[in-house]
Amino acid sequence: DQLLTLARMQESSGEKAGTVSLKRAIQECLEDLVPLAEAKDIDLGVVGEADPLVAGPLVDVKTLAKNLIDNAIRYTPPGGRVDIRIEPGKAGVDLYVEDSGPGIPQAERTRVFDAFYRVLGNGQIGSGLGLAITRTIADRIGATITLMAPVDGEPGLHVHVRFPAARAN
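Residues numbered from 1 in each chain as written. Predicted model: local features only at pLDDT ≥ 70, side-chain atom pairs only at ≥ 80, totals over all residues. Heavy atoms only, no water.

## Quick look at the overall build of the chain
Quick note on the threshold: Each helix is a run of DSSP H or I of at least 4 residues and each strand a run of E of at least 2, with the numbering of both proceeding from the N terminus. The contact rule is simple, with two residues in contact once any of their heavy atoms fall within 4.5 Å. Accessible surface area values rest on a Shrake-Rupley calculation with a 1.4 Å probe, where residue burial reflects the displayed protein chains alone.
Scanning the chain from terminus to terminus reveals four helices and seven strands. Taken from N to C terminus, the helices and strands of the chain fall in the order α-β-α-β-β-α-β-β-α-β-β. Of all intrachain contacts in the chain linking residues separated by at least 6 positions in sequence, the fraction that spans at least 24 positions is 70%. Just so you have it, the chain exposes about 9,100 Å², and 52% of that area is on carbon and sulfur atoms.

Quick look at the structure:
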């Protein structure tokens, strides 16, 4: 499924790029992902009430968000936490997915976006395509993705996505 999704994302989208409620897209993703978080006793939450519009097709925005949140849940150990934050700003809309998992070593943070690349020793099953799909979507809609360690030195990974500001029609 991931391979087919990557192939579809690498082709030009037939869906018209309009504006999407980022909060709505995330809520729809969470409908599928909450059971996975509950099974691992992970504290999964959306921080804040912001509901900005972002530019791009709904399917792309949802796929990007779902891959990031799914990864955060899968790689966070039982009893951990995953926080999702949306912050509108003048330069665009910022989405943060922050987890208390093992993180990704600095030296591998660019490689994880390569198709089929997987960080060794994590014990998770996967194809190594999720972040490649996410980067392909981000490039197509003009968003940027940055992977960071938490500032406080705690374990985890903070993913920051900056979507371009949606233009009013």
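## Notes on the nonpolar core
The nonpolar side chains of a soluble globular protein tend to be buried, and buried together. Stated precisely, the cut-off is as follows: For this analysis, a nonpolar core means a set of buried residues of the types Ala, Val, Leu, Ile, Met, Phe, Trp, Tyr and Cys, connected via side-chain atoms within 4.5 Å. The buried label applies to any residue whose accessible area, calculated with a 1.4 Å probe on protein chains only, is under 20% of its type's maximum; exposed applies above 50%, and partly exposed to all values in between.
Grouped together as the largest cluster of nonpolar side chains are 39 residues, with contacts concentrated most on L22, I26, L95, V161 and F163. Other than its neighbours up to four places away in sequence, L95 contacts L22, I26, I84, R85, I86, V159, H160, V161 and F163.

## Comments concerning the pairing of strand 6 (residues 144-148)
Put simply, the test is: In this scheme, strands are said to pair when DSSP sees at least two bridges between them.
Only one face of strand 6 is buried, namely the one carrying I145 and L147, since none of T144, T146 and M148 on the opposite face is buried. Here strand 6 runs beside strand 7 (residues 157-163); their pairing, made up of five bridges, is antiparallel. Across the sheet, T146 pairs through a bridge with H160, a residue of strand 7.

## Description of the pattern of salt bridges
Test applied: Basic side-chain nitrogens of Lys or Arg form a salt bridge, by our definition, when they fall within 4 Å of a carboxyl oxygen of Asp or Glu.
Here the structure, examined in full by the defined rule, presents 11 salt bridges. Residue R85 is joined to E87 by a salt bridge in which the shortest nitrogen-to-oxygen separation is 2.4 Å. Judged by its relative accessible area of 21%, R85 is partly exposed. Its salt-bridge partner being R85, residue E98 comes within 2.5 Å of it at the nearest N-O pair. Here the residue E98 occupies a position in strand 5 (residues 92-99), and R85 occupies one in strand 4 (residues 81-89), the gap between them amounting to 13 residues.

## Points about the packing of aromatic side chains
Heads up, the rule is: Any two rings among Phe, Tyr and Trp, with Trp reduced to its six-membered ring, count as a pair given centres within 6.5 Å; such a pair is stacked if its planes are under 30 degrees apart, edge-to-face if over 60, and tilted if neither. By the criterion adopted, a ring carries a charge over it if an Arg CZ or a Lys NZ lies within 6 Å of its centre and within 35 degrees of its normal.
Considering all chains together, one arrives at zero aromatic pairs under this definition. Looking at R85, its charged tip hangs above the ring of Y96, at a distance of 4.2 Å from the centre. The ring of F113 has R135 lying over it, and the distance from NZ or CZ to the ring centre is 3.9 Å.

## Observations concerning the packing of helix 3 (residues 58-75) against helix 4 (residues 130-141)
Worth spelling out the cut-off: Throughout, an axis means a line fitted to C-alpha atoms (over the contacting stretch in the case of helices), and angles, computed between N-to-C directions, take values from 0 to 180 degrees. By convention the crossing between two helices is left-handed if the near helix lies anticlockwise of the far one by an angle smaller than a right angle, and right-handed if it lies clockwise. Note on residue categories: nonpolar means Ala, Val, Leu, Ile, Met, Phe, Trp, Tyr, Cys or Pro, charged means Asp, Glu, Lys or Arg, and polar means any other residue, Gly included.
The interhelical angle for the contact between helix 3 and helix 4, taken along N-to-C directions, is 145°, at an axis separation of 9 Å. Viewed along their axes, helix 3 and helix 4 form a crossing whose handedness is left-handed. Contact with helix 3, carried on its side by D60, V61, T63, L64, N67, L68 and N71, involves G130, L131, I133, T134, I137, A138, R140 and I141 of helix 4 and no other residues of that element. A breakdown of the residues in the contact of helix 3 with helix 4 according to their chemical character gives eight nonpolar, five polar and two charged.

## Some remarks on the side chain of S100
The cut-off we apply is this: A 3.5 Å cut-off defines polar contacts: any pair of N or O atoms within that distance qualifies, except that in protein one atom must be a possible hydrogen donor and the other a possible acceptor, and neighbouring residues in sequence count only when both atoms are side-chain atoms.
The residue S100 is located in the loop between strand 5 and helix 4 in this model. A polar contact of 2.9 Å, which involves the side chain of S100, links it to the backbone nitrogen of R81.

## With respect to helix 4
It helps to recall that an α-helix has 3.6 residues per turn; residues three or four apart then point in one direction. For the record, the criterion: To estimate the expected span of a helix, count its residues, drop one, and scale the result by 1.5 Å.
Across its 12 residues, helix 4 extends 17 Å between first and last C-alpha, which sits within 8% of the 16 Å expected from 1.5 Å per residue. Across the 12 residues that make up helix 4, a large majority, nine, are buried. Buried within helix 4 are the following residues: G130, L131, A132, I133, T134, T136, I137, A138 and I141. At the C-terminal side of helix 4, G142 shows a positive phi close to 85°.

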